[in-house]
Amino acid sequence: MRIDWSLLLRLVALGGVLGIAGALIFGFLGRIHPAFDSFSHFRIHLAVLLLLGILPLAALRYWPEAAFALLLGIGAIWTTLGGFSDASARKAGLVADLDAASMPVFRLMHLNLRYDNDRPELVLSAIGEHRPDIVTLTEVSDLWAERLSVLDATYPHRIVCPPPTHIGGVAILSRRPFVSNPADACGDRGSFANVEVDFAGRRASVVAMHLGWPWPFGQSWHLSRIEDDLPNLADSAILAGDFNAVPWSQTVRRTGELGGLHIVRGIGPTYLDRRLPDAWRRWIGLPIDQIMAKGGVVVGSARALPAVGSDHLPVLVEFSILPQEPEAEVLQAWR
């Protein structure tokens with residue numbers, strides 16, 4: 001039997017582009033099923049591949065299919081990244097120019113430590129260099145809990161949630177005193193922590209969280225376990241976490257809806273497998289470390305910092321808290 005290589009080439013080119021287009025479209029259907037939401041995490045990657053697929057389609061004179069790929073690819077990138085630009089973020093009021101003369105400016109650093117990170121000195125140096133008021137951490141293994149003890153004097157207020165596995169739980173380190181009981185802070189087997197903090201007389205919830213991997217793993221189930229915790233945050237709150245989900249995913253949207261939180265935009269890719277060169281992170285990395293805020297928390301900037309030995313980059317956030325009505329009761333500081 002003679003093989004028609006020309007026909008086979010046409011079928012492969014057309015089938016490949018249609019497959020990529022289908023995966024890209026599935027990613028917009030995350031509300032229907034978590035399986036579709038998994039495709040959304042690679043939306044930009046798929047859109048770029050789709051645009052590259054235009055070349056063989058054009059060479060084979062599949063003009064309608066090439067035009068469809070062009071429109072779908074550009075549309076996916078525009079609708080996704082256009083809503084997360086600095087300009088759109090400022091227009092939405094989620095990032096503002098902070099005035100240190102009228103309101104105190106605070107810093108929060110968030111980082112997935114990587115439970116087996118063999119460069120702890122890089123993490124500790126980054127904390128010492130940027131001197132954040134709050135540090136939120138994930139994958140705080142038993143080994144990391146011991147390493148972090150060197151920060152006891154600098155961060156006397158701390159919560160280290162019991163690790164459910166060898167990977168570790170979440171932690172919150174603070175220069176500022178707690179005004180809620182830290183003994184009640186940890187939830188969902190150590191993957192969620194919520195404590196109220198006194199920021200120079202203005203209180204706000206600080207939340208650290210770490211969600212599981214997307215479908216076919218247990219991310220959706222994991223989020224359902226904290227559905228009752230997210231609505232119970234203080235009126236003003238800032239949440240930092242490794243979501244294992246991109247900002248435009250249904251998982252992140254659902255978290256914001258449950259907590260009345262708005263996502264902080266413009267952080268960029270933070271995760272890349274450690275087996276790949278770090279220089280590739282800005283091109284193919286995933287933006288899965290998220291910052292969210294609500295109420296009187298006004299975010300001035302949020303940016304990724306240089307690598308510190310983890311497969312995640314640290315994220316540094318500057319924020320202020322708007323004045324609040326004074327409370328009649330005297331707040332107790334917890335250690």
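Only a predicted model underlies this, so the values are computations on that prediction, with no experimental measurement involved.

A count of helical and extended segments in the protein gives 11 helices and 12 strands. Looking at the protein as a whole, 48% of its 335 residues qualify as buried. Contacts spanning at least 24 positions in sequence make up 68% of the contacts within the protein whose residues lie at least 6 apart. Just so you have it, the protein exposes about 16,400 Å², and 60% of that area is on carbon and sulfur atoms.

The subject of this paragraph is the state of the cysteines. Across all of its chains, the model carries 1 disulfide by this definition. The partner cysteine of Cys 161 in its disulfide is Cys 186, sulfur to sulfur 2.1 Å. In this structure the cystine formed by Cys 161 and Cys 186 twists about its S-S bond by roughly -90°; its chirality is therefore left-handed. Placement of the pair is Cys 161 in the loop between β3 (157-160) and β4 (169-174) and Cys 186 in strand β5 (residues 186-187), with a sequence separation of 25 residues. According to the relative accessible area criterion, Cys 186 is partly exposed, its value standing at 33%.

A separate point is the sheet that holds strand β12 (residues 315-321). Spatially, the 6 strands line up as an open sheet ordered β3-β4-β2-β1-β12-β11, and their pairing is mixed. Of all the strands in the sheet, just β3 and β11 (297-304) have a single pairing partner and so form its edges. Each strand axis lies, on average, 15° off the axis of its neighbour in the sheet, ignoring direction. Bridge analysis of strand β1 (residues 106-112) against β12 gives 5 bridges, and the strand direction is antiparallel. Following the sheet pairing, Met 109 is matched in β12 by Leu 316.

Definitions and cut-offs
Residues numbered from 1 in each chain as written. Predicted model: local features only at pLDDT ≥ 70, side-chain atom pairs only at ≥ 80, totals over all residues. Heavy atoms only, no water. Helix = DSSP H or I, 4+ residues; strand = E, 2+ residues; numbered from the N terminus. Buried < 20%, exposed > 50% of the residue type's maximum accessible area, 1.4 Å probe, protein only. Contact = heavy atoms within 4.5 Å. Areas by Shrake-Rupley, 256 points an atom, 1.4 Å probe, with all protein chains shown as cover. Disulfide = S-S within 2.5 Å. Pairing = 2+ DSSP bridges. Axes fitted to C-alpha atoms, helices over the stretch in contact; angles between N-to-C directions.

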